[in-house]
Amino acid sequence: MLDAEVAIVGAGAAGLSLAHRLALTAPGTRAPSVVLVDAPPGPLRPPRRTWCFWEAGAGRFDAAVTATWRHLRVRPPSGREIEGDIEPLRYKMIRSDDFEHMVAHDLADSTAVRRLEAAVETVEDVPGGALVHLRDTAGRTRFLRTRWVFDSRPPGSLPAARTTLLQHFHGWFVRTARPVFDPRTADLMDFRTPQPADGLSFGYVLPVGRREALVEYTEFSPRPLTADGYEAAMRHYTEDVLRLGVLRILSTETGVIPMTDAPMPRRVGASVFRIGAAGGATRPSTGYTFAGIQRQTSAVAAALHRGRVPVPPPAHSARSRAMDAVLLRALAGGRADGPALFARLFARVPMRRLLRFLDGRTRLHEDLAVGLHAPIGPMLRSALELPTLPRRPFDGP
């Protein structure tokens with residue numbers, strides 16, 4: 001039997017972020033005892049990923065940042081590209097390996113956080129806390145008794161929703177034979193890709209040098225592609241759209257992010273909470289998660305340090321979630337032309353303000369001003385339809 005005040009299940013972005021905040025406390029602040037449970041190598045461990053977000057000035061995790069951009073670009077299906085200077089914001093990219101290395105380095109100096117490699121089988125409420133059932137790397141059953149559990153593992157199924165789309169993507173880190181990238185500018189959305197029958201698609205280019213970049217193909221649609229489908233989409237984008245010429249693929253990444261208006265439960269027991277994407281940190285309209293994770297884990301750490309019940313707060317406001325529900329319904333119902341909608345927003349709203357809107361940091365009058373640049377008819381019909389729609393389980397992956 002192991003004992004700790006806090007158990008963190010899963011060592012992805014959410015678990016590592018919370019462990020980092022609990023390990024590095026302000027002078028005079030009491031740090032709770034923490035066990036960070038990391039899955040053994042294999043299918044239960046999160047795959048390598050790239051996380052992007054934007055913030056002003058220096059950030060907590062800058063030591064792990066691969067690259068930053070002040071200039072962003074959006075390319076409509078045709079016509080002039082849209083560029084914006086987001087000063088004082090910076091668009092930042094972190095690769096999961098670098099993030100894990102930075103957090104592990106900082107945790108090594110902490111006496112508050114212990115790391116344990118084991119598979120979590122069940123988590124149950126018990127009087128005064130929770131009991132985590134583990135199976136260690138030798139196959140032995142172990143138990144961890146704790147006051148609070150923060151579970152960041154993906155849920156087995158999504159809650160019932162009125163609308164659920166998948167943001168699914170496949171990307172290559174590439175090195176080209178000739179200098180073809182502008183490392184000062186990131187392509188946030190490039191809609192010169194073939195559009196699927198249901199949903200929308202775009203390219204995504206994050207250059208880290210004149211010859212190196214992360215290039216991705218992304219879809220918002222009901223179903224992922226096959227491996228061959230992603231390969232064909234990437235070949236078309238890099239060869240026919242970007243015309244990169246001869247290139248070498250250094251590494252790849254693939255992922256699926258649910259974009260849903262389902263309420264994601266953050267408390268699943270008297271002492272058991274969900275954090276990260278499992279706890280609603282993903283912004284439904286964009287798929288961005290890292291910033292929401294930081295808002296949640298910062299609040300949880302502050303509550304634990306003050307001896308309060310550490311319920312993770314909603315990562316996004318009720319107003320933001322309501323607007324996202326309307327947008328998802330308009331896209332899923334085919335009422336809104338996705339590429340035209342996003343291109344129009346980026347063309348008519350200053351990019352810095354639009355990023356603040358997408359991060360839920362704008363006021364009501366700013367939200368209304370952004371909304372006036374969206375197609376009013378499709379959005380209004382979708383908003384009126386939502387209350388009549390039942391919530392249904394998602395039957396996809």
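Look a little higher up for the structure.
Residues numbered from 1 in each chain as written. Predicted model: local features only at pLDDT ≥ 70, side-chain atom pairs only at ≥ 80, totals over all residues. Heavy atoms only, no water.

Q: Just to check I follow, could you spell out empty space enclosed by the protein for this structure?
A: Remark: the empty space left among the atoms is shown by a probe the size of a water molecule rolled over them. A complete count under the given rule lists two cavities of 30 Å³ or more for this structure. In terms of lining, the largest cavity is formed by 13 residues, of which the most central are Trp54, Tyr288, Ala291, Gly292 and Asp359. Looking at the lining of the largest cavity, the elements with two or more residues in it are strand S3 (50–56) and helix H4 (290–305). When its residues are assigned to classes, the lining of the largest cavity shows six nonpolar, four polar and three charged. Looking at the second largest cavity, its volume works out to about 40 Å³. As for the second largest cavity, its lining consists of Ala11, Gly12, Ala13, Pro46, Pro47, Arg49, Trp51, Ser96 and Glu100. Tallied by class, residues from the lining of the second largest cavity come to five nonpolar, two polar and two charged. (1 Å grid on protein atoms, 1.4 Å probe; cavity = no way out; pocket = protein on both sides within 12 Å on 5 of 7 lines; lining within 4 Å. Points joined across faces, edges and corners; volume = space filled by probe spheres on them. Helix = DSSP H or I, 4+ residues; strand = E, 2+ residues; numbered from the N terminus. Nonpolar A, V, L, I, M, F, W, Y, C, P; charged D, E, K, R; others polar.)

Q: Would you mind going over the packing of helix H1 (residues 13–23) against helix H2 (residues 96–107) with me for this structure?
A: A pair of packed helices can be characterised by two numbers: the angle between their axes and the separation between those axes. Between H1 and H2, the shortest axis-to-axis distance is 10 Å and the interhelical angle comes to 25°. Considering their axes alone, H1 and H2 lie roughly parallel with respect to each other. For the pair H1 and H2, the crossing hand works out as left-handed. Note on element contacts: H2 touches H1 through Phe99, Glu100, Met102, Val103, Asp106 and Leu107, opposite Ala13, Leu16, Ser17, Ala19, His20 and Ala23. Here the contact of H1 with H2 is built from residues that sort into eight nonpolar, two polar and two charged. (Axes fitted to C-alpha atoms, helices over the stretch in contact; angles between N-to-C directions. Parallel < 35°, antiparallel > 145°, perpendicular 65-115°, else oblique. Left-handed = near helix turned anticlockwise from the far one by under 90°. Contact = heavy atoms within 4.5 Å.)

Q: For this particular structure, what's the right way to read the pattern of salt bridges?
A: Two side chains of opposite charge can pair, provided their charged atoms sit close to one another. Under the criterion given, the structure shown has 31 salt bridges. Here Asp38 and Arg45 are joined by a salt bridge, their closest N and O atoms 3.5 Å apart. Taking relative accessible area as the criterion, Asp38 reaches 13% and is therefore assigned buried. You can call Arg45 partly exposed: its relative accessible area is 28%. (Salt bridge = Lys/Arg side-chain N within 4 Å of Asp/Glu carboxyl O. Buried < 20%, exposed > 50% of the residue type's maximum accessible area, 1.4 Å probe, protein only.)

Q: Would you mind going over the sheet that holds strand S13 (residues 200–207) with me for this structure?
A: Note on sheets: strands pair through backbone hydrogen bonds, and any given pair is parallel or antiparallel. With mixed pairing, the seven strands of this open sheet are ordered in space as S6-S5-S12-S13-S14-S11-S15. Two strands in the sheet have a free side with no partner beyond their single neighbour: strand S6 (82–85) and strand S15 (247–260). Here the average twist between neighbouring strands, direction ignored, is 15°. Together, strand S11 (164–176), S13 and S15 form the strand contacts of helix H5 (residues 318–332), whose direction differs from that of S11 by roughly 85°. Against the sheet, helix H7 (residues 351–358) engages strand S5 (71–75), S6 and strand S12 (185–190), with an angle of about 85° to S6. (Pairing = 2+ DSSP bridges.)

Q: Help me understand the packing of aromatic side chains, please; the structure alone is not making it clear to me.
A: By convention here, two paired aromatic rings are described through the distance between centres and the angle between planes. One pass over the full model with this rule turns up 14 aromatic pairs. Aromatic pair Trp54 and Tyr288: ring centres 4.9 Å apart, planes at 80°, arrangement edge-to-face. On the criterion of sequence distance, the pair formed by Trp54 in strand S3 and Tyr288 in the loop between strand S16 (272–274) and H4 is long-range, its members being 234 residues apart. A ring pair is formed by Phe191 and Phe202, whose centres lie 5.8 Å apart and whose planes are at 70°; its orientation type is edge-to-face. Note that Phe191 is positioned in the loop between S12 and S13 and Phe202 in strand S13, a separation of 11 residues in sequence. Exposure class is identical for Phe191 and Phe202. Each is buried. An aromatic cluster is present here, built from Trp51, Phe53, Phe61, Phe99 and Phe290 joined pairwise through their rings. Above the ring of Phe173, the side-chain terminus of Arg95 is found at 3.6 Å from the ring centroid. (Phe/Tyr/Trp six-rings, centres within 6.5 Å; stacked < 30°, edge-to-face > 60°. Lys NZ or Arg CZ within 6 Å of the ring centre and 35° of its normal.)

Q: What should I look at first to understand the nonpolar core in this one?
A: Across soluble globular proteins, you tend to see nonpolar side chains buried next to one another. If you look at the biggest cluster of nonpolar residues, it comprises 45 residues, and the most contacted ones within it are Leu72, Tyr91 and Leu206. Broken down by element, this core gets its largest block of residues, six residues, from H5. Those residues within four positions of Leu206 in sequence are excluded, and the remaining contacts are Cys52, Trp69, Tyr91, Met93, Ala186, Ala213 and Leu214. Judged by nonpolar contacts, the second largest core, of 35 residues, contains Ala11, Ala19, Leu22 and Val103. (Core = buried A, V, L, I, M, F, W, Y, C linked by side-chain atoms within 4.5 Å.)

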